[in-house]
Amino acid sequence: MAAPISLSLSSLASKSQQLVRNERRMFVASDDGAMMKQIQSTHAPDGRAVDVKPILQVIENVLHHIIPNIDHAMNGGTGHIDALDDRTDSSAVDGALDALAYIVHKICCEVSCKCSGGGDAHATTMGILNMLSSYSWAAKVVLTLAAFAVNFGEFWLIVQLCTSNSLAKSVALLKQLPDILEHSPTLKPHFDALNKLINAMIDVTKCIVEFTELPPEFISKDEPPLSTAMAHIPTATYWIIWSVVACAAQITGLVGMKHDFRTSTSEAWELSSLAHKVSSIHEHLQSLLRLCYQRIDEQKLLEAFEDFKRTIETPQVDNLRILLKIFRKEETYHLLNPDKTKVHIDVLRRKYVLLLISDLDISHEEIKVLDNIYKGERVSSELNYEILWLPIVDRSTWNDDYEQKFSSLQSLMSWYRVNHPFAIEPAVIKYIMEVWGFVKKPIAVTLDPQGKVLCPNALNMMWIWGNSVFPFSSEKEESFWKSEAWTLELLVDRLEPNLSTWVSQKKVVCFYGGVQMEWIESFTTATKGVAKALGIGLEMVYVGKNNAKERVKKITGLIKEKQLSHAWQDDYVWFFWNRLESMLYSKTQHGKAIENDVIKQEVMTMLAYDGSENGWAVFFTDSDEMVRANGEKVLSSMKSFDEWEKLAKEMGFIPALRKHLEGIHDEHHCARLFLPGNSGGIPERVQCAECGRTMEMYYMYRCCVE
């Protein structure tokens, strides 16, 4: 007479504990070099292709149906739930499994047989690896997981249906399966650990499959990080198969335990430890996968960069192909036109286009001045060009505040704008920064109707000459400089509306700056006294200081209140200094050395004056006679007018003042020149405005510029 099934429990428990001890020994040994060689020795792929994705989808459907049902039962639920949708493509699975059903069945039998007999987990794992030697690593894990899904799925179907289906009830009785609900307090730690391990197994398997799908044209298996990942995949495969064996052993251990149910806590601990290890493998593979995608993105970016570079450097029929390549995908080919309505980018076809490139810190003054050039003068001169704003932003830090700032800037612009900064192709942004030199200071790249780049930054010449330099080409800029001289008109342009009247009246015009109110009062009072003594007409204009908006605004108010002189409003002050910087960058861009270029010398002197906290002044007459000096020198000269009054009456005001200033020698002076280091075209050699010696270059970082 056969012994009752319950009598075999002690032998089952003994075999299970032996399996646990074997597993613990292998935890350390499996990752050493010898074990790696043993795992690799089983791998002899014959090139057969296995479409693992549809199989993996079915496996996930099976296991993800079971896990919530286990949780439902462990938490006291009754009956069964089946809420997950099955969206498996049956035809795809049939095709993938057509020649694989037998090998899956063999693995099922191998696992069931060895687990039932209390076999060694390592030996079982190696046996499965040998059985699957002809397959890829991804196919090995997917096929083994498929076998487990079959075994576990059949087991859980019986458990789930045994209370409502007579066939399932009879099978459960023959297998002597325990009542899950009845033994839930004891079983819960096992199934919790089992669920964690199953989820970790699926995660690692999906990760391994994902590595096999990486595009070889963008990443090589022979180079890190993919080569590093491929070196770890055999170990990961080993542990997935090991985990399948361990899970199967736990399930097999439940067979025959209906009447005398008992468990070992060490088994639950072993599953938890195994889940932790597999999860660690997943984290490591995920980190390598992220590096792989980063490398792929870099390669795609480089390829797109080279493609855009070739396109923009190749003669085109019109500019449309280049304009289209600026954007990421077809649905972003729409722009906002000046009327704030959506239009297709082909409205810019065969037109001169200025690509206005900036970040979201472009100033309102810059927009206002450009708007005056674009909208006002452009209409009167019927110039056929358009502006397209391309905002360059850091996508990783984008938030609602930036979104609002972007919308606010859009509303100020009367030209074409992109719908969103993210619409711009990243490779184009790379080209803009690396080839056209954009960092932070706005630039405007000129494209002719055929898409040829006429100038990498037309803003400099636009600030200096406006629309008169259309079509904003580097050749036109060069020709304008050839006919230009350092004159009052070049310095002030049209910023002072009364200038032509003052010049016609033969007045001396003084422009001065600084932010020390005491010096301003002393200088304007003393200079007016000199003009009165000489009986000459004098007009004085305060032009403020660069990047000191709030201080200049306060001083301008005091100057007007005390009627010390004329004073410009904010946007005029900004434009004055921006034009001077633009002159320097434009000259430098065209290779003009300071030693033989008077305009560049004078511009750098003015900018150096502004770099000091002290004041400064420059005097002009109608004949473009000019003299300038820093605040200390010019104030002392005005206060000591009696020393050169006779000379001034003989030679005239400006020649006499120049001669007097030449006789003043400072034993110490401090001249500084501040230039934005991200604007391109920074001169390597700069002469001091006071003594002519070469200035030393330092790096300075500024924040919160007014």
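Residues numbered from 1 in each chain as written. Predicted model: local features only at pLDDT ≥ 70, side-chain atom pairs only at ≥ 80, totals over all residues. Heavy atoms only, no water.

Novice: Please explain the pattern of salt bridges as it appears in this structure.
Specialist: A side chain with one charge can pair with a side chain of the opposite charge if their charged atoms come near. For the structure on display, the rule yields 26 salt bridges. A salt bridge links Lys430 to Glu434, with the nearest nitrogen and oxygen atoms 2.7 Å apart. Here the residue Lys430 and the residue Glu434 both occupy positions in helix α15 (residues 426-434), the gap between them amounting to four residues, near one helical turn. The class for Glu434 is exposed, based on a relative accessible area of 51%. For Lys507, the salt bridge identified is with Glu539, shortest N-O distance 2.7 Å. Here Lys507 is found in the loop between α19 (499-504) and β8 (508-513), whereas its partner Glu539 is found in strand β9 (residues 538-542), with 32 residues between them in sequence. Among the residues examined, Glu539 registers a relative accessible area of 14% and is labelled buried. (Salt bridge = Lys/Arg side-chain N within 4 Å of Asp/Glu carboxyl O. Helix = DSSP H or I, 4+ residues; strand = E, 2+ residues; numbered from the N terminus. Buried < 20%, exposed > 50% of the residue type's maximum accessible area, 1.4 Å probe, protein only.)

Novice: Before we go on, may I ask you to explain the sheet that holds strand β1 (residues 334-336) in this structure?
Specialist: Paired through their backbone hydrogen bonds, the strands of a sheet run either parallel or antiparallel. In spatial order, the strands read β2-β1-β5-β4-β3-β6-β7; together these seven strands make up an open sheet with mixed pairing. Pairing within the sheet leaves two strands with one partner each, and these edge strands are β2 (342-344) and β7 (453-455). For this sheet the average axis-to-axis angle between neighbouring strands, irrespective of direction, equals 35°. Two strands pair when backbone bridges link them, and β1 and strand β5 (residues 416-418) are joined in this way by two bridges, in the antiparallel orientation. If you follow Leu336 over to β5, its bridge partner there is Arg417. (Pairing = 2+ DSSP bridges. Axes fitted to C-alpha atoms, helices over the stretch in contact; angles between N-to-C directions.)

Novice: Mind showing me how you'd approach the sheet that holds strand β11 (residues 616-620) here?
Specialist: Strand order in the open sheet made by the five strands is β10-β9-β8-β11-β12, with mixed pairing throughout. Each of the sheet's edge strands pairs with one partner strand only, and the pair in question is β10 (566-567) and β12 (626-630). With five bridges joining them, β8 and β11 adopt antiparallel strand pairing. Paired with Gly513 across the strands is Trp616, a residue of β11. Contacting β8, β9 and β10, helix α21 (residues 549-562) crosses the sheet at an angle of about 150° to β9. Across the face of the sheet, helix α24 (residues 631-639) comes into contact with β11 and β12 while running at roughly 110° to β12. (Contact = heavy atoms within 4.5 Å.)

Novice: What is the right way to read the packing of aromatic side chains from this model?
Specialist: Aromatic ring pairs are defined here through the distance separating the ring centres and the angle between the ring planes. One pass over the full model with this rule turns up 37 aromatic pairs. Ring centres of Trp463 and Phe575 lie 5.9 Å apart, and the angle between their planes is 80°; this geometry places the pair in the edge-to-face category. One end of the pair, Trp463, is in helix α16 (residues 459-465); the other, Phe575, is in helix α22 (residues 570-589), and 112 residues separate them in sequence. Of the two residues, Trp463 and Phe575, neither departs from the other in class, the shared state being buried. Taken together, Tyr512, Trp519, Phe523, Tyr542, Phe619, Phe641, Trp644 and Phe653 form an aromatic cluster joined through their ring pairs. The ring of Tyr135 carries Arg48 above its face, with NZ or CZ at 4.6 Å from the centroid. When the ring centre of Trp137 is taken as origin, the NZ or CZ atom of Lys140, which lies over that ring, is 5.1 Å away. (Phe/Tyr/Trp six-rings, centres within 6.5 Å; stacked < 30°, edge-to-face > 60°. Lys NZ or Arg CZ within 6 Å of the ring centre and 35° of its normal.)

Novice: Sorry if this is basic, but what is going on with the pairing of strand β3 (residues 352-358) here?
Specialist: The two faces of a sheet get side chains in turn, since along a regular strand they alternate between them. For β3, the tally of buried residues reaches six of seven residues, placing the bulk of the element in the interior. Pairing of β3 with strand β4 (residues 385-391), which is carried by seven bridges, proceeds in the parallel orientation. In the strand pairing of β4, Tyr352 is matched with Tyr385. Across five bridges, the pairing between β3 and strand β6 (residues 443-447) is antiparallel. Across the sheet, residue Leu356 finds its bridge partner in β6, namely Ala444.

Novice: Sorry if this is basic, but what is going on with the environment of Tyr416 here?
Specialist: Looking at where Tyr416 falls in the secondary structure, it is placed in strand β5. Here Tyr416 falls in the buried class, since its relative accessible area comes to 10%. Sequence separation of Tyr416 and Leu390 is 26 residues, and the distance between their C-alpha atoms is 9.4 Å.

Novice: Looking at this structure, I do not really get the packing of helix α6 (residues 121-131) against helix α10 (residues 226-254). What am I missing?
Specialist: Describing two packed helices takes the angle between their axes plus the distance from one axis to the other. Packing of α6 against α10 brings their axes to within 9 Å, and their N-to-C directions diverge by 120°. With respect to their mutual orientation, α6 and α10 come out oblique. In terms of crossing hand, the pair formed by α6 and α10 is right-handed. Where α6 abuts α10, its residues Ala121, His122, Thr124, Thr125, Met126, Ile128 and Leu129 lie against Thr237, Tyr238, Ile241, Trp242 and Val245. (Parallel < 35°, antiparallel > 145°, perpendicular 65-115°, else oblique. Left-handed = near helix turned anticlockwise from the far one by under 90°.)

Novice: Which parts of the structure should I look at to understand the pairing of β8?
Specialist: Summarising burial for β8: six of the six residues are buried, a large majority. In β8, alternate side chains face the same way, and those of Val508, Cys510 and Tyr512 on one face and Val509, Phe511 and Gly513 on the other are all buried. Direction of pairing for β8 relative to β9: parallel, over a ladder of five bridges. Note that in β9 the partner of Val508 across the bridge is Leu538. The β-α-β motif built from β8, the intervening helix α20 (residues 517-534) and the parallel element β9 has right-handed crossover chirality. (Right-handed = clockwise from strand over helix to strand, strands pointing away.)

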